[in-house]
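Residue strings, one per chain:
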Amino acid sequence: MTDEGSSIPKTLLVIENDATFARTLGRSFERRHYTVLSTNSLEGAKNILKNHSPGYAVVDLKLDGDASGLACVQALHKCDPNMLIVVLTGYASIATAVEAIKLGACYYLAKPSNTDDIEAAFNSAKGNVEVKIRGRATSIKTLEWELIHETLADTGFNISEAARRLGMHRRTLARKLAKQQVN
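Residues numbered from 1 in each chain as written. Predicted model: local features only at pLDDT ≥ 70, side-chain atom pairs only at ≥ 80, totals over all residues. Heavy atoms only, no water.

Chemist: I'd like to hear about the sheet that holds strand β2 (residues 35–39), residue by residue, with values.
Modeler: The 5 strands are arranged β2-β1-β3-β4-β5 in an open sheet whose pairing can be described as parallel. Edge strands, defined here as strands with exactly one partner in the open sheet, are β2 and β5 (107–110). Averaged over all pairs of adjacent strands, the angle between their axes in this sheet comes to 20°, without regard to strand direction. Across 5 bridges, the pairing between strand β3 (residues 56–60) and strand β4 (residues 84–89) is parallel. Considered in β4, the bridge of Asp60 is made with Leu88. Against the sheet, helix α1 (residues 19–31) engages β1 (11–15), β2, β3 and β4, with an angle of about 170° to β2. Sheet strands in contact with helix α3 (residues 69–79) are β1, β3 and β4, and its direction is about 160° off that of β3. (Pairing = 2+ DSSP bridges. Helix = DSSP H or I, 4+ residues; strand = E, 2+ residues; numbered from the N terminus. Axes fitted to C-alpha atoms, helices over the stretch in contact; angles between N-to-C directions. Contact = heavy atoms within 4.5 Å.)

Okay, here's the thing in structure tokens:
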């Protein structure tokens, strides 16, 4: 099955460590006539790619253990540069968004996002020069949050190393992360 007027197969690869969310997302896309393949790891994705050529992928930024969805984005893009890849994350930051796009993602969405948001991201992969440019007042809390997540991404989500680089105690960093309740 392909998109109307497109040669991109309507096969979606979901790489998500939350099995319940992956299942719900998969069912929602199946109702939209996608063939959905799902895994929770880079290795699982590589195994799926041996037998399938999905045109679309949704990749969670933070996978089980120390795994990063950025490595998945890179591998998917290397396998098929035309695949439309959306990074979906509860750990959104400017630094990881930039890296995801540089590695081959066409879009970057912060959780919570739904099927409509993800499909809209696939459909707007070419970009929009008409998007409104707005100034943004950034709070100190936002800057701190972005620096913490940039450092976490740089350390492969190693909390101890991130705390050392940020010059704070590991427990302090863990408390700050727990307060945000990011999934």
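Chemist: An account of the packing of aromatic side chains is needed here, citing residue identities and associated values.
Modeler: Overall, the coordinates contain 5 aromatic pairs when judged by the stated rule. On the basis of an interplanar angle of 75° and a centroid distance of 5.5 Å, the ring pair of Tyr34 and Tyr56 is categorised as edge-to-face. Residue Tyr34 is found in the loop between α1 and β2, and its partner Tyr56 is found in strand β3; the two are separated by 22 residues along the sequence. Tyr56 carries the same exposure label as Tyr34, and that label is buried. Geometrically, the ring pair formed by Tyr91 and Phe157 is edge-to-face, given 6.1 Å between the ring centres and 70° between the ring planes. Of the two residues, Tyr91 is situated in the loop between β4 and α4 (94–103) and Phe157 in the loop between α6 (140–154) and α7 (159–166); the sequence distance between them amounts to 66 residues. Owing to a relative accessible area of 18%, Tyr91 belongs among the buried residues under this scheme. On the basis of relative accessible area, Phe157 is assigned to the buried category, the value being 8%. Joined through ring pairs, the aromatic side chains of Phe29, Tyr34, Tyr56 and Phe122 make up one cluster. When the ring centre of Tyr34 is taken as reference, the NZ or CZ atom of Lys10 above it lies at 4.4 Å. Sitting above the plane of the Phe21 ring, Lys111 keeps its charged end 5.1 Å from the centroid. (Phe/Tyr/Trp six-rings, centres within 6.5 Å; stacked < 30°, edge-to-face > 60°. Buried < 20%, exposed > 50% of the residue type's maximum accessible area, 1.4 Å probe, protein only. Lys NZ or Arg CZ within 6 Å of the ring centre and 35° of its normal.)

Chemist: Go over the pairing of β1, please, and point to the residues and values.
Modeler: Of all 5 residues in β1, 5 are buried; the element is thus mostly enclosed. Alternating positions in β1 separate into two faces, Thr11, Leu13 and Ile15 on one and Leu12 and Val14 on the other, with burial throughout. Taken together, the 5 bridges between β1 and β2 define a ladder with parallel strand orientation. If you follow Ile15 over to β2, its bridge partner there is Thr39. Pairing between β1 and β3: 4 bridges, direction parallel. Looking at β3, one finds that Ile15 is bridged to Val59.

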